[in-house]
Amino acid sequence: MAAGFAAFPFGTCNAFMAEAWGIFVGINLTLARGYTEVIVNIDVKRVKNAIMQKDNHSFTSLALIRQIRLLMAKHDVVFLEHTLWEANTIADDLAKKTRVLQNDLCIFEDPPEHIANLLLKDSLGLATSRVVAM
């Protein structure tokens with residue numbers, strides 16, 4: 001079963017902290033719903049590295065990273081996958097929509113209508129290309 005969420009209770013912060021908070025909230029939601037196996041797509045590679053103990057970004061994030069590790073230990077399996085934002089357009093779109101949410105947290109059992117086109121592209125294997133300067 002798949003479910004998603006969008007949240008915006010964090011105020012203004014950098015991409016590292018926003019991604020880490022999103023993972024923290026998401027893993028908490030999976031525990032509350034009884035999931036034992038979780039796949040987490042992360043588009044900020046430094047967050048994945050910090051969680052996997054390859055990078056301790058800063059002292060301000062250490063407590064949050066430790067909390068994420070503790071939550072992960074409560075699951076049978078947690079896969080952390082780094083996904084470029086171009087390949088994760090649905091999550092990117094939901095994150096952008098959180099700015100207009102009436103609530104701090106919105107849980108989606110079914111995909112919102114506004115991402116139907118993105119889901120269709122994803123199911124067809126269509127991707128957005130990344131332009132890289134050479």
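None of these values were measured; they are calculated from a predicted model.

**A word on the overall build of the protein**
Helices and strands together make up the secondary structure of the protein, namely 5 helices and 4 strands. Written out in order from the N terminus, the α and β elements of the protein read β-α-β-α-α-β-α-β-α. Within the span of the protein, comprising 134 residues, buried residues form 32% of the whole. Long-range contacts, defined as pairs at least 24 residues apart, comprise 75% of the intrachain contacts of the protein with a sequence gap of at least 6. Here the protein displays about 9000 Å² of accessible surface, and carbon together with sulfur accounts for 56% of that area.

**Quick notes on the confidence of the model for the protein**
When pLDDT is averaged along the protein, the result is 76, and 69% of the positions lie at 70 or above. Here strand β1 (residues 4-7) stands out as the element of the protein with the lowest mean pLDDT, 61, in contrast to helix α2 (residues 45-51), whose mean of 89 is the highest.

**Brief notes about the nonpolar core**
Ranked by size, the top nonpolar core spans 20 residues in total, and within it Ile23, Val40, Val47, Ile51 and Ile68 carry the most contacts. Among the secondary structure elements, those contributing two or more residues to this core are α1 (15-32), β2 (37-42), α2, α3 (59-73) and β3 (77-82). Take this core: its biggest share by element is 6 residues, from α1. Sequence-distant contacts of isoleucine 51, that is, excluding residues within four places in its chain, are made with Ile23, Ile65, Ile68, Arg69, Met72 and Leu80.

**Observations concerning the packing of aromatic side chains**
All told, the structure shown has 1 aromatic pair when counted by the stated rule. A ring pair is formed by tryptophan 21 and phenylalanine 24, whose centres lie 5.6 Å apart and whose planes are at 90°; its orientation type is edge-to-face. In this pair, tryptophan 21 and phenylalanine 24 both sit in helix α1, 3 residues apart, roughly one turn of the helix. You can call phenylalanine 24 buried: its relative accessible area is 18%.

**Topic: the side chain of glutamate 19**
Tracing the sequence through the fold places glutamate 19 in helix α1. For glutamate 19, a relative accessible area of 17% gives the class buried. Those residues in contact with glutamate 19, other than ones at most four positions away along the chain, are Asn41, Ile42, Asp43, Val44 and Val47.

**Regarding a nonpolar patch on the surface**
A cluster of nonpolar side chains, namely Leu120, Leu124 and Leu126, defines an oily patch on the protein surface of about 320 Å² accessible area. Judged by its relative accessible area of 53%, leucine 126 falls in the exposed class.

**Observations concerning the environment of lysine 48**
Along the chain, the position of lysine 48 falls in helix α2. Between the C-alpha atom of lysine 48 and that of isoleucine 23, which follows or precedes it by 25 residues, the distance is 9.9 Å.

**Looking at the environment of histidine 82**
Topologically, histidine 82 is positioned in strand β3. Once the C-alpha coordinates of histidine 82 and lysine 45 are considered, the two residues, 37 residues apart in sequence, prove to be 6.0 Å apart. Among all residues touching histidine 82, those that are not within four sequence positions of it are Ile42, Asp43, Val44, Lys45 and Lys48.

**Here we look at the side chain of threonine 30**
Along the chain, threonine 30 falls in helix α1. Ignoring sequence-local partners within four residues, the contact set of threonine 30 consists of Tyr35, Val38 and His75.

How each quantity is defined
- Residues numbered from 1 in each chain as written.
- Predicted model: local features only at pLDDT ≥ 70, side-chain atom pairs only at ≥ 80, totals over all residues.
- Heavy atoms only, no water.
- Helix = DSSP H or I, 4+ residues; strand = E, 2+ residues; numbered from the N terminus.
- Buried < 20%, exposed > 50% of the residue type's maximum accessible area, 1.4 Å probe, protein only.
- Contact = heavy atoms within 4.5 Å.
- Areas by Shrake-Rupley, 256 points an atom, 1.4 Å probe, with all protein chains shown as cover.
- pLDDT = per-residue confidence, 0-100.
- Core = buried A, V, L, I, M, F, W, Y, C linked by side-chain atoms within 4.5 Å.
- Phe/Tyr/Trp six-rings, centres within 6.5 Å; stacked < 30°, edge-to-face > 60°.
- Patch = residues over 30% accessible without salt bridge, like charges linked within 9 Å, V, L, I, M, F, W, Y side chains within 5 Å.
- Salt bridge = Lys/Arg side-chain N within 4 Å of Asp/Glu carboxyl O.

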